[in-house]
Amino acid sequence: MVRTYGPDLAGLCRAGTALIPDIAGLGLSAGRFAGGPPAGSTPHTRFSSDPTGSLLEAAQYTLDEGPCRDAAATRAPVLAVDLTGASWTRRWPRFTPAALRAGIKAVYALPLHAGAVRHDGAIDLYHQAPGRLDSSAVAQCAAVFAAAAAELLTLERLRLDFTEAFAAGRLRGAVAAGEAVSGPAVPVSGIPRLPLARWFDQATLAVVRREVAALSIRHGLSGDDTDRWTLAVHEAMTNAVWHGGGQGQLLMWRRDGRLWCEISDHGPGIGHGTAPRCRPDLRGGRPDRHGLWLIEKTCTSLAITTDTTGSRLLLSHRLKHHPSS
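Residues numbered from 1 in each chain as written. Predicted model: local features only at pLDDT ≥ 70, side-chain atom pairs only at ≥ 80, totals over all residues. Heavy atoms only, no water.

A. Fine view of the side chain of Q249. Position of Q249 relative to the elements: it lies in strand 7 (residues 247-255). Those residues in contact with Q249 that lie beyond four places of it in its chain are V2, E151, R198, W199, F200, E262, I263 and S264. (Helix = DSSP H or I, 4+ residues; strand = E, 2+ residues; numbered from the N terminus. Contact = heavy atoms within 4.5 Å.)

B. Structural context of the sheet that holds strand 4 (residues 106-114). Taken together, the five strands give an open sheet; going across it, the order is 2-1-5-4-3, and neighbouring strands pair in antiparallel fashion. The outermost strands of the open sheet, each flanked by one partner alone, are strand 2 (44-48) and strand 3 (78-80). Neighbour-to-neighbour, the strand axes of the sheet open up by a mean angle of 20 degrees, direction not taken into account. Relative to strand 5 (residues 117-127), strand 1 (residues 25-30) runs antiparallel, the two being bridged by six bridges. Counterpart to S29 in the pairing with strand 5 is A122. Packed on one face of the sheet, helix 7 (residues 136-158) meets strand 1, strand 2, strand 4 and strand 5 and runs near 45 degrees to strand 4. (Pairing = 2+ DSSP bridges. Axes fitted to C-alpha atoms, helices over the stretch in contact; angles between N-to-C directions.)

C. How the structure looks around the packing of helix 3 (residues 51-63) against helix 4 (residues 67-74). Relative orientation of the contacting elements helix 3 and helix 4 amounts to 65 degrees, with a least axis distance of 8 Å. Taken as axis vectors, helix 3 and helix 4 run roughly perpendicular relative to one another. Within the contact between the two elements, helix 3 uses E57, Q60 and Y61 and helix 4 uses P67, C68 and R69. A class-by-class count of the residues in the contact of helix 3 with helix 4 yields three nonpolar, one polar and two charged. (Parallel < 35°, antiparallel > 145°, perpendicular 65-115°, else oblique. Nonpolar A, V, L, I, M, F, W, Y, C, P; charged D, E, K, R; others polar.)

D. A look at the nonpolar core. L9, L28, L112, I123, L125 and F162 are the most contacted members of the largest nonpolar core, which totals 38 residues. Elements supplying a minimum of two residues to this core: helix 2 (9-19), strand 1, strand 4, strand 5, helix 7, helix 8 (163-176), strand 6 (196-201) and strand 7. Take this core: its biggest share by element is twelve residues, from helix 7. Counting 28 residues, the second-largest nonpolar core is a separate cluster that includes V212, W229, I270 and L319. (Core = buried A, V, L, I, M, F, W, Y, C linked by side-chain atoms within 4.5 Å. Buried < 20%, exposed > 50% of the residue type's maximum accessible area, 1.4 Å probe, protein only.)

This is the structure we're talking about:
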């Protein structure tokens, strides 16, 4: 979903009603991104698929209750399979009558959560008939959709324009698959530009590593610094492939005199929610302290965010020179 619809959050949401089965519509509310009020501020409506969705989103924040409010507060999905039941009126005495007046009888709310990164707010899926959202297909698709939305909100918080980087990545994938390509030409060979967005697996590790090395040289690294930085990024990608579900996403950009690189996955997490300075040894499960230790010693900074739904490593390397190109 991220690869196809990113980095446009509205584009992802517009596709949501077709991507998720058995829903009549959806709404998304999220806290403001960088440059707005501080984290923890009241989320506001970012998308609604129709006027009913707008009403549903507004009612929850006007009345200060409802499934979105609960999902965001508890960091857990909330499924109101039949709002006509008395238990939901007791739980949300003001929201439930408002939803029923709007013709909504089932609501499924999910927090904005992607690989250990969370955003204020939630996604609402709704239907006019009770029970229509209570299926494993809806739950699975909705969880992936919520993760994709959270990923795109993370890109917003970086305050970088990844539009061209995503377009180039999609075109590269289409060319590699032998698909016909129309529209403006985007370079698929040579040295790419920053910011960079790449999806990788075991087969593409070497290609992405070469791109990282070339970009690092172009943007001010040289000699041993280039080799160490490239090795650290490659080590983080390898961890994602072997321990994070077989694939991951790399984002790379330049800011404030540093190269930055974020590698994220949706695997089982590092150390069950902690951030140890080691990773499992592929040869037998013993701790091998070389991996994350190498990254930490090589980079100017390393931040690790992890839980049982994924991990995110944010690396940076200080530049000695600041080229204009």
